[in-house]
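Now for the letters of each chain:
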Amino acid sequence: MIGVHPASLIEGAGVVLAGLSGIIEARRKRMDLVGVYAVAFITAFGGGTLRDLLLDRRPFYWQGNPTYSLVIFALSVVYLYGPSRIRRAASHPRLELPEQVLDALSLGLFSVVSTFFALDHGSTLFIASIFGVIGSTFGGVIRDIVCNEVPLMFVPGGLYASAAFLGSWALIAGIEAGLTPTTAALIGWVVGTGVRLASIRYNLGLPQIRHTEEIPAAPRKL
Amino acid sequence: MIGVHPASLIEGAGVVLAGLSGIIEARRKRMDLVGVYAVAFITAFGGGTLRDLLLDRRPFYWQGNPTYSLVIFALSVVYLYGPSRIRRAASHPRLELPEQVLDALSLGLFSVVSTFFALDHGSTLFIASIFGVIGSTFGGVIRDIVCNEVPLMFVPGGLYASAAFLGSWALIAGIEAGLTPTTAALIGWVVGTGVRLASIRYNLGLPQIRHTEEIPAAPRKL
Amino acid sequence: MIGVHPASLIEGAGVVLAGLSGIIEARRKRMDLVGVYAVAFITAFGGGTLRDLLLDRRPFYWQGNPTYSLVIFALSVVYLYGPSRIRRAASHPRLELPEQVLDALSLGLFSVVSTFFALDHGSTLFIASIFGVIGSTFGGVIRDIVCNEVPLMFVPGGLYASAAFLGSWALIAGIEAGLTPTTAALIGWVVGTGVRLASIRYNLGLPQIRHTEEIPAAPRKL
C-alpha cells in the first residue's frame, strides 16, 4: 500500500538530526564521550524503538542499519574532540538555538514516518496520529528523563506534542485527499516542523489554565 | 480457561479511573491540554502496556479499543475548559483527595486484571502476582517519573505495591478455592482497593527501618 | 553455535549480585520492604529484560526461572529484618563501597552474557557490543531514574558504560581469536569488571571537556 522505502530514508535523516541535537544537549551537561554517545543514541533511536516495540516491527532501525550507530558515534567523537570552532558554531548567537532547530526538523520527520508505519500496520487514524506523537517525542522525553529534567513535552508553553500531532494529521489529510505519499509526507513534515519553530519564535502555546483560579497544593504526600 | 471478556470490561473501568487521576494530577502541575492528555494517557495505559509487552499480548488495549483514547481526550478537554465547578469538585474538601480514591480504585482493578492475564498466559502464581503489581503500579510510576518526582511506589509510608500484591493474592486464593472468576475478581478488587484506602486513612505502612541504626551517607559519587 | 546454558548460569550470578546492590542502595534511601524489593527486582532484571525485549527473546529470565524472584525477595527480607550485623557488614569501612563492588561484578557478567545473546541472535559485532552496554547498564539506569537521580552512566568521571563496552569487545576479540566461549567469557568478565573497579580506585575517566572553553547556558526553557 504505502511504500516503506521512502519512509526509511526520511527516518535516516531524522535519526542524524535528532542525534546531533542530543550531542549538543549532552555536551552542555559536560558529559564525557560515552555519556554523549549514549544520550545521542537514545535521542536518535528512542522514539522509533518504542514505536516499533508497540507495533511489533522488527528488526529495529538501528539493528537493521548498523551504519547509523557508527555515524552517530563518529559525530560524537568529532564534536567532542574536533576543532573548537565546530562547538562554537553550535552556540553561535546568529544560529539561535541550533539544537532546537535540529530537534524541530527531526520532530516533523519522525512524526510523518511514525504515522506512515502505524497506518501500514492497520491502525485507525486517531491511533496513527498518537503513534506520530510517540515516535517523534519519546526520544526527547527519555533524553530529558535521563538528564533528570521535566521533559519539554510536559512543560507548558511552546507547541511540542501538538506540533507533532498537527504534522501527523496534515499527512493523514493529504493521503485522504488523494495526494501521493511523498507529497503528503512533505506537507506533514513542513506542518510539524513549521508549527514547532513558529511556537518557539512567536512564543505560542495552548490556552493556559487561568492562574486566578485556585489550585490546591498537591496532597499526594501521605 | 479463564474468560478474557469480563477482564477487558474491568480493564475499561480501570482505564477511565486512572485517566481521571492523571488528569487531576497533571492539572495541578498547570500543564496545558497536550501535557494533561499525555499524562492521562500514560497513567491509564502505561501499566497495561508494559504488562502486555512482557506477556507478548497484542494488540494493546488502546490499539484494539480506540474509543478509550478518545474518551480520555474528551475528559481532558472537559476538565480543563469546562465549567470551573468541575475542577472545584475535584478539590472539594469533603471529597478528601479524590484522585487518590480514583487511583486506589484503578489500582485494585488493574491488579486483578493483570493477574488474570498472567495466569491465562501460563505464569506461575508468584510471577502472576508480580504481574498484578506491575500492571497496577507502573502507570503511576511513569507518571511520577515524567513529572520528575520519586514515584509513590518507592516512597516509604502507605501501602501501594503491597495493596496490589495482596489484591492479586486474594484473587489467586479465590480461584484456588474454587470460586468463579467473577467472584474471585470482585474479592481481589475489594482487597486491593480496600488495603490501599485503609493505609491512607489510618496511615498504615510496612515496618520502618529503625532510624536509630546508623545509615552511612551514600558513597555513590566517585 | 554458542551454547545458551553457560550464559544462563552467568546471568544467574549477575542477577543475584545486581539484586544485592539494589537492596543495599534502596535501604540507604530508607525504603520499606516493598520499595526495596521493587528496586532490587528492577536492578536485577531491568537490563536483561530490555535486552530480551529488543532481541525478541522469550520467556524473560525472571519468567522462566521464578526461583530467582523468590531468592531476591528472601534476600530483601533478610537484609531488612535480619540481625543488624548483616547491614553493618554492607557498610563496613574495610569493605569499601560493597555495593559498588557488587555492581561492578554484575556489570561485567551482564555485559558478557548480553553480548553472547546478541551474537546468537545474529547481530553485527558493533550492535552486539551495544547490547553488551544496554544489558549491563540499563538496570542501574532505571534504578537511578526511579530514585530521581541522574544515572551514574551519565555522570562524567569513572568508567561505567565504557567498562561494559570494553568487556564486550574483549569477549568478541576472544571468540574471533578462536578461544572457547567459556574462556572468552571469562576474559570479557575480568576486563569489564576490572576496568570498572580500576576506574573507581584510581579515579580514571575519559578525557574531560576543557572547562576553559565557554559553554553557553542551556537555552531550552522557552
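Residues numbered from 1 in each chain as written. Chains lettered and ligands numbered in written order. Predicted model: local features only at pLDDT ≥ 70, side-chain atom pairs only at ≥ 80, totals over all residues. Heavy atoms only, no water.

Trainee: Would you mind going over the overall build of chain A with me for this structure?
Mentor: Broken down by element type, chain A carries nine helices and zero strands. In chain A, the proportion of contacts linking residues at least 24 apart, taken out of those at least 6 apart, comes to 74%. (Helix = DSSP H or I, 4+ residues; strand = E, 2+ residues; numbered from the N terminus. Contact = heavy atoms within 4.5 Å.)

Trainee: How should I be thinking about the environment of Ile 10 of chain C in this particular structure?
Mentor: Mapping Ile 10 of chain C onto the fold places it in helix H1 (residues 5–28). Residues Ile 10 of chain C and Leu 186 of chain C, 176 residues apart in the sequence, show an inter-C-alpha distance of 10.0 Å.

Trainee: I keep staring at the confidence of the model for chain A and nothing clicks. Help me out?
Mentor: Keep in mind that low pLDDT regions are not for reading the predicted coordinates in detail. Residue and element names in this part refer to chain A. On average, residues of chain A score 84 in pLDDT, and 86% of them are at 70 or above. Scored below 50 in pLDDT, residues 217–222 makes 19 contacts in the model with residues more than four places away or belonging to other chains. Interface predicted TM-score (ipTM) for the complex: 0.79; the corresponding pTM is 0.85. (pLDDT = per-residue confidence, 0-100.)

Trainee: What should I look at first to understand the pattern of salt bridges in this one?
Mentor: A side chain with one charge may pair with a side chain of the opposite charge, provided their charged atoms come close. According to the stated counting rule, one finds 16 salt bridges over all chains in the structure shown. The partner of Arg 143 of chain A in a salt bridge is Asp 103 of chain A, and the shortest N-O contact between them spans 3.7 Å. Of this pair, Arg 143 of chain A sits in helix H7 (residues 125–146) while Asp 103 of chain A sits in helix H6 (residues 98–120), placing them 40 residues apart in sequence. Judged by relative accessible area, Asp 103 of chain A falls into the buried class, the value being 10%. In this structure, Asp 52 of chain B and Arg 57 of chain B form a salt bridge, with 3.0 Å as the shortest nitrogen-oxygen distance. According to the relative accessible area criterion, Arg 57 of chain B is partly exposed, its value standing at 26%. Through salt bridges with shared partners, a single network forms among Glu 11, Arg 51, Asp 52 and Arg 57 of chain A. (Salt bridge = Lys/Arg side-chain N within 4 Å of Asp/Glu carboxyl O. Buried < 20%, exposed > 50% of the residue type's maximum accessible area, 1.4 Å probe, protein only.)

Trainee: I tried to follow the nonpolar core on my own but got confused; where do I start?
Mentor: If you look at soluble globular proteins, the nonpolar side chains tend to sit buried side by side. One finds Trp 62 of chain A, Trp 62 and Phe 154 of chain B together with Trp 62 and Phe 154 of chain C to be the most contacted residues of the largest nonpolar core, which totals 166 residues. At 14 residues, the largest contribution of residues to this core is made by helix H2 (residues 33–55) of chain C. Setting aside chain neighbours within four positions, we find Phe 154 of chain C in contact with Met 31, Gly 35, Ala 38, Val 39, Ile 42 and Val 146 of chain A together with Val 141 of chain C. (Core = buried A, V, L, I, M, F, W, Y, C linked by side-chain atoms within 4.5 Å.)

Trainee: What am I meant to see in the environment of Ala 74 of chain B here?
Mentor: Mapped onto the secondary structure, Ala 74 of chain B falls in helix H4 (residues 66–81). The exposure class assigned to Ala 74 of chain B is partly exposed, which follows from its relative accessible area of 40%.

Trainee: Please clarify how the packing of aromatic side chains should be interpreted in this entry.
Mentor: A ring pair, where both rings are aromatic, is described by two values, the distance of the centres and the angle of the planes. Residues and elements named next belong to chain B. Tallied over the full model, the rule gives 30 aromatic pairs over all chains. Considering the side-chain rings of Phe 126 and Phe 165, the 6.5 Å spacing of their centres and the 80° angle between planes classify their relative orientation as edge-to-face. Pair noted here: Phe 126 is in helix H7 (residues 125–146) and Phe 165 is in helix H8 (residues 161–176), with a separation of 39 residues, a long-range link. Classification of Phe 165 by relative accessible area gives partly exposed; the value is 23%. (Phe/Tyr/Trp six-rings, centres within 6.5 Å; stacked < 30°, edge-to-face > 60°.)

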